[in-house]
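Below are the chains, spelled out letter by letter.
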Amino acid sequence: MYKVETEFETTVIKFSRPMRCISSAIFGGGIRTIKSIVNYTLQEGECPDISEMKMFCHQILINFGLDPNFGVVLLTTVPQCSGVWSKDCLVTAGLGNAVPIESEPVWDEEKSEYVYNPGTINCIHIVSQNLSDQALVEANAMVRMSIAMQMIEWSSVYSNQVCVGTPTDCTAVISPIEGPSLQFAGLATKVGFDLVRNTRLAFKRALAHKYPIKQQPVA
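Everything in this summary refers to the structure shown in the same document.

Rules behind the numbers
- Residues numbered from 1 in each chain as written.
- Predicted model: local features only at pLDDT ≥ 70, side-chain atom pairs only at ≥ 80, totals over all residues.
- Heavy atoms only, no water.
- Helix = DSSP H or I, 4+ residues; strand = E, 2+ residues; numbered from the N terminus.
- Buried < 20%, exposed > 50% of the residue type's maximum accessible area, 1.4 Å probe, protein only.
- Lys, Arg positive; Asp, Glu negative; His and termini not counted.
- Charge placed at Lys NZ, Arg CZ, Asp CG, Glu CD.
- Phe/Tyr/Trp six-rings, centres within 6.5 Å; stacked < 30°, edge-to-face > 60°.
- Lys NZ or Arg CZ within 6 Å of the ring centre and 35° of its normal.
- Core = buried A, V, L, I, M, F, W, Y, C linked by side-chain atoms within 4.5 Å.
- Contact = heavy atoms within 4.5 Å.

Concerning the overall build of the protein
Part 1: Each helix and strand counted, the protein has three helices and 12 strands in total.
Part 2: Principal-axis analysis of the C-alpha atoms places the extent of the protein at approximately 55 × 40 × 35 Å.
Part 3: Taken across its 219 residues, the protein has 46% of its residues classed as buried.
Part 4: One finds the centroid of the 17 positive side-chain charges in the protein at a distance of 10 Å from the centroid of its 21 negative side-chain charges.

Pasting the structure below:
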């Protein structure tokens, strides 16, 4: 169904047939038909301005011979070698700017003011079933909730506040177009359960690369 090509700075996923995707990506976001998705690691000094970011992502797809009309690009500062798969779920995780649910604003789009610190959780989850548009919305919510729950567990050990993510987190849930479509993918559904389990496993393992469990003092 798909082929994965990974280098230090890039993971490229190519699909053998068009797929349906819901994503919060700045390039290719929303609900749309796609043929490829790229998780790209920004190199040192490589930080395009917000106004230039879409063209920057467009060029990434061109450089890999991919059609920008059917592509999605996620950006991160985490090396792709730190990415972890759990079945059909890929997570790269950097928590340099982890925040609680009621965090101080760092971005005002109307004024084009923002404070950027490296740290992004990117999650790409490929589902084997055809999901309707409403099920895709639910599936994306399940992935985000799963990340938030794992972040709460992480912050209970590593942070002095309860964190649920970072300001630049990006998710993408992808499903086939063919076959009978599922209408629901939320809590207590089979597909929702699989989304949560695979996301949590991939995210937990990705965190272990950079944040090993603290050793408890011996009594």
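Focus: the packing of aromatic side chains
Part 1: Scanning the entire structure with this criterion turns up three aromatic pairs.
Part 2: For the ring pair tyrosine 40 and phenylalanine 56, a centre distance of 5.9 Å and an interplane angle of 75 degrees mean the geometry is edge-to-face. Here phenylalanine 56 lies in helix α1 (residues 53–63) and tyrosine 40 lies in strand β3 (residues 30–41), a separation of 16 residues in the sequence. Assigned by exposure class, tyrosine 40 and phenylalanine 56 land together as buried.
Part 3: Members of the aromatic cluster, connected to one another through ring pairs, are Tyr2, Phe15 and Trp85.
Part 4: Note that lysine 35 overlies the ring of phenylalanine 70, its terminal NZ or CZ placed 4.6 Å from the centroid.

A closer look at the nonpolar core
Part 1: Counting 29 residues, the largest nonpolar core has Val91, Leu95, Ile121, Met151 and Phe203 as the members making the most contacts within it.
Part 2: Elements represented by at least two residues in this core include exactly β6 (89–93), β9 (121–126), α2 (133–158) and α3 (190–210).
Part 3: Counting residues per element, this core draws most heavily on α2, which supplies eight residues.
Part 4: Apart from residues lying up to four places away in sequence, methionine 151 is in contact with Leu95, Ala98, Ile121, Cys163, Val164, Gly165 and Phe203.
Part 5: Formed by 15 residues, the second largest nonpolar core is a distinct cluster that contains Ala25, Val72, Leu74 and Ile124.

Digging into unusual backbone geometry
Part 1: Non-glycine residue lysine 87 carries a positive phi angle of around 55 degrees.
Part 2: In this fold, lysine 87 is placed in the loop between β5 (84–86) and β6.
Part 3: Even without being glycine, alanine 188 reaches a positive phi, approximately 70 degrees.
Part 4: Residue placement: alanine 188 occurs in the loop between β12 (181–182) and α3.
Part 5: Its relative accessible area of 88% is what places alanine 188 among the exposed residues.

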